[in-house]
Amino acid sequence: MKHPLESLLVAGGILLLALISCLLLPAPSLGLVLAQKLVATFHLVDLNQLYTLLFCLWFLLLGTLEFFILRFVWRRWFSLAS
């Protein structure tokens, strides 16, 4: 049996952790040589486009990880089912 507020609390927790990760966790920084090599490999316009894609992928990865951690914690310790 699902707790009535589970979906609301999970969504709120994900948003809260996403805010915390955006503020506290630094995105990976590439060296100039590697960044220029990736720009040439993926046919990007410039480094700004590369870092925009990198930041989007980084925070998508963090959000996914946080979702599964929150879901595990919620179902493990706060579930109503015995």
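This structure is a prediction, so every number in the text was calculated from the model and none was measured.

Criteria and thresholds
- Residues numbered from 1 in each chain as written.
- Predicted model: local features only at pLDDT ≥ 70, side-chain atom pairs only at ≥ 80, totals over all residues.
- Heavy atoms only, no water.
- Axes fitted to C-alpha atoms, helices over the stretch in contact; angles between N-to-C directions.
- Helix = DSSP H or I, 4+ residues; strand = E, 2+ residues; numbered from the N terminus.
- Parallel < 35°, antiparallel > 145°, perpendicular 65-115°, else oblique.
- Left-handed = near helix turned anticlockwise from the far one by under 90°.
- Contact = heavy atoms within 4.5 Å.
- Nonpolar A, V, L, I, M, F, W, Y, C, P; charged D, E, K, R; others polar.
- Expected span 1.5 Å × (residues − 1).
- Buried < 20%, exposed > 50% of the residue type's maximum accessible area, 1.4 Å probe, protein only.
- Arc of directions from axis to C-beta.

### Re the packing of helix H1 (residues 6–24) against helix H3 (residues 47–77)
When two helices pack together, their arrangement is given by the angle between the helix axes and the distance between those axes. For the pair H1 and H3, the least separation of the axes is 9 Å and the interaxial angle reads 140°. Classified by the angle between their axes, H1 and H3 sit oblique to one another. Judged by the twist between their axes, the crossing of H1 over H3 is right-handed. Contacts between H1 and H3 pair Glu-6, Leu-9, Val-10, Gly-13, Ile-14, Leu-17, Ala-18, Ser-21 and Cys-22 from the former with Phe-59, Leu-62, Glu-66, Phe-67, Leu-70, Trp-74 and Arg-75 from the latter. Here the contact of H1 with H3 is composed, by residue class, of eleven nonpolar, two polar and three charged.

### What about H1?
If you check H1, its first and last C-alpha atoms are 26 Å apart, about what 19 residues at 1.5 Å a residue would give, namely 27 Å. Among the residues making up H1, those that are buried are Glu-6, Val-10, Gly-13 and Ser-21. For H1, the buried positions fall inside an angular range of 70° around the axis, keeping them on one side. Residues of H1 that are exposed and point over 90 degrees away from its buried face: Leu-8, Leu-15 and Leu-23.

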